[in-house]
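Chain residues, written in single-letter form:
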Amino acid sequence: MTNRVVRTVIVDAQLDAYRALPLGEAESSGLTLLDSGRAALQHSAIEPIEQWLINIHLPDMSGLELFRMLHTRHPKARFVLVGDVYQAEEERQTRTWGAAGYLCKPPQAWWLEPLQAEQRSDDGHPGISKPQSASPHRRQQS
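Residues numbered from 1 in each chain as written. Predicted model: local features only at pLDDT ≥ 70, side-chain atom pairs only at ≥ 80, totals over all residues. Heavy atoms only, no water.

What about the side chain of Asn-55?
Here's step 1: Looking at where Asn-55 falls in the secondary structure, it is placed in strand β3 (residues 51-55).
Here's step 2: Using a relative accessible area of 0% as the deciding quantity, one classes Asn-55 as buried.
Here's step 3: In this structure the side chain of Asn-55 is engaged in a polar contact, spanning 2.9 Å, whose partner is the side chain of Asp-84. (Helix = DSSP H or I, 4+ residues; strand = E, 2+ residues; numbered from the N terminus. Buried < 20%, exposed > 50% of the residue type's maximum accessible area, 1.4 Å probe, protein only. Polar contact = N/O pair within 3.5 Å; in protein donor to acceptor, adjacent residues only side chain to side chain.)

See the structure below:
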């Protein structure tokens, strides 16, 4: 059985945080890194993307607005919105608008693993399930 490459796009003005992850050969792994909503819209016209990680705060538009535009074009794609820091209101908006999930930086390697089965949370919205093999993220106290 061959591993199918899942085309994933990360849209974030601060891409250095993702480059610190063990990405391997990004292009051969199906991963594309973009730094603006405009670049994401242009890229979405080139090929179908199966998984999008979009920062909520982009330099040229709201990540939520970008999600809405892309979701209209690609309703079968999986969209995850990313916050620079956790904000309950952002998570609520993400769920209300129908994204698959909301994650907070710093990025974790498991975010880039192939699509995981979506689970329903207690409120009936789709959610993100962290792979069993991934270790929990712990913030260090300073």
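Points about the nonpolar core
Here's step 1: Counting 20 residues, the largest nonpolar core has Val-11, Trp-52, Ile-54, Leu-66, Leu-70, Phe-79 and Leu-81 as the members making the most contacts within it.
Here's step 2: Of all the secondary structure elements, the ones that give two or more residues to this core are β1 (8-11), α2 (37-44), β3, α3 (63-73), β4 (78-83) and β5 (101-104).
Here's step 3: Look past the residues within four positions of Leu-66 in its chain and what remains in contact with it is Val-11, Gly-37, Ala-40, Leu-41, Ile-54, Leu-58 and Met-61.
Here's step 4: Counting residues in hydrophobic clusters, the runner-up holds twelve residues, among them Val-80, Val-82, Trp-110 and Trp-111. (Core = buried A, V, L, I, M, F, W, Y, C linked by side-chain atoms within 4.5 Å. Contact = heavy atoms within 4.5 Å.)

Notes on the sheet that holds β4
Here's step 1: Read across the open sheet, the five strands follow the order β2-β1-β3-β4-β5; overall the sheet is parallel. For this open sheet the edge positions go to β2 (31-34) and β5, each flanked by a neighbour on one side alone. Taking the axes of each pair of neighbouring strands and ignoring which way they run, one obtains an average angle of 20° across the sheet.
Here's step 2: Relative to β4, β3 runs parallel, the two being bridged by five bridges. Directly across from Ile-54, in β4, lies its bridge partner Leu-81.
Here's step 3: Each of β4 and β5 is contacted by helix α4 (residues 88-96), which is oriented at about 150° to β5, the strand it contacts most. (Pairing = 2+ DSSP bridges. Axes fitted to C-alpha atoms, helices over the stretch in contact; angles between N-to-C directions.)

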